[in-house]
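Architecture at a glance
The lines below spell out each chain.
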Amino acid sequence: MTAIEITILKNLVHNEDFLRKAIPFLKEDYFYDQSQKIIFNLINDFVKKYNKTPTIESLSISLQDSYTPESYFESCNVLLNSLNNE
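This one's a predicted model, so the numbers in the text were calculated from it and none came from an experiment. (Residues numbered from 1 in each chain as written. Predicted model: local features only at pLDDT ≥ 70, side-chain atom pairs only at ≥ 80, totals over all residues. Heavy atoms only, no water.)

1. Quick notes on the packing of aromatic side chains
Evaluation of the coordinates by the stated rule reveals two aromatic pairs. Centroid distance Phe 46 to Tyr 50: 4.7 Å. Interplanar angle 45°. Geometry classified as tilted. Of the two residues, Phe 46 and Tyr 50 both sit in helix α3 (residues 34-50), four residues apart, roughly one turn of that helix. On the basis of relative accessible area, Phe 46 is assigned to the buried category, the value being 11%. (Phe/Tyr/Trp six-rings, centres within 6.5 Å; stacked < 30°, edge-to-face > 60°. Helix = DSSP H or I, 4+ residues; strand = E, 2+ residues; numbered from the N terminus. Buried < 20%, exposed > 50% of the residue type's maximum accessible area, 1.4 Å probe, protein only.)

See the structure below:
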């Protein structure tokens, strides 16, 4: 996993100021790994729907409810767990 993308995802979840400033300018294309793209889209969808910072738990629930291919599901869970460790 690329360090800058992980840092961005962590800050989107744990730093509301960063989230508010950065989310309008970020695109899924900026993330290399498919799991990172999926997590970014979950975060982006959550912010659009609820207008607040998502928690790891809410992202995990969204992941379970999404149509994420089984091949990416486990790596997305691993990535979510890594975001939880600040």
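Next, the rest of the story.
2. Here's the deal with the nonpolar core
Ranked by internal contacts, the top residues of the largest apolar core, which has 24 residues, are Leu 9, Leu 12, Ile 39, Phe 40, Ile 43, Leu 63 and Leu 83. Every element with two or more residues in this core is listed here: α1 (3-14), α2 (16-22), α3, α4 (56-65) and α5 (70-84). In terms of residues, this core owes the most to one element, α3, which gives six residues. Apart from the residues within four sequence positions on either side, Leu 63 is in contact with Ile 38, Leu 42, Thr 68, Phe 73, Cys 76, Asn 77 and Leu 80. (Core = buried A, V, L, I, M, F, W, Y, C linked by side-chain atoms within 4.5 Å. Contact = heavy atoms within 4.5 Å.)

3. Regarding unusual backbone geometry
Despite not being glycine, Asn 51 shows a phi value in the positive range, around 55°. Residue position: Asn 51 is located in the loop between α3 and α4.

4. Focus: the packing of α4 against α5
For the pair α4 and α5, interaxial distance at closest approach is 10 Å and the crossing angle is 175°. Judged by the inter-axis angle, α4 sits roughly antiparallel to α5. From α4, Ile 56, Leu 59, Ser 60, Leu 63 and Gln 64 reach across to α5, where they touch Phe 73, Cys 76, Asn 77, Leu 80, Leu 83 and Asn 84. By residue class, the composition of the contact of α4 with α5 is seven nonpolar, four polar and no charged. (Axes fitted to C-alpha atoms, helices over the stretch in contact; angles between N-to-C directions. Parallel < 35°, antiparallel > 145°, perpendicular 65-115°, else oblique. Nonpolar A, V, L, I, M, F, W, Y, C, P; charged D, E, K, R; others polar.)

5. Focus on the environment of Leu 42
For Leu 42, the position within the fold is in helix α3. Sequence spacing of Leu 42 and Phe 73 is 31 residues, and the spatial spacing of their C-alpha atoms is 13 Å. Apart from the residues lying within four places of it in its own chain, the contact partners of Leu 42 are Leu 59, Ser 62, Leu 63 and Ser 66.

6. Looking at the pattern of salt bridges
Counted under the stated rule, the structure contains one salt bridge. Salt-bridge contacts for Glu 16 lead to Arg 20; the nearest nitrogen and oxygen are separated by 3.1 Å. Highlighted residues: Glu 16 and Arg 20, both in helix α2, separated by four residues, approximately one helical turn. Residue classification places Glu 16 among the partly exposed residues on the basis of a relative accessible area of 41%. (Salt bridge = Lys/Arg side-chain N within 4 Å of Asp/Glu carboxyl O.)

7. Here we look at α1
With twelve residues, α1 should cover 16 Å at 1.5 Å per step; its first-to-last C-alpha distance of 16 Å lies within 8% of that length. Along α1, the positions that sit buried rather than exposed are Glu 5, Ile 6, Ile 8, Leu 9, Leu 12 and Val 13. For α1, the angular spread of buried residues about the axis comes to 160°, placing them on one side. Of the residues in α1, the exposed ones pointing more than 90 degrees away from the buried face are Ala 3 and Ile 4. As for α1, its buried residues are in contact with α2, α3, α4 and α5. (Expected span 1.5 Å × (residues − 1). Arc of directions from axis to C-beta.)

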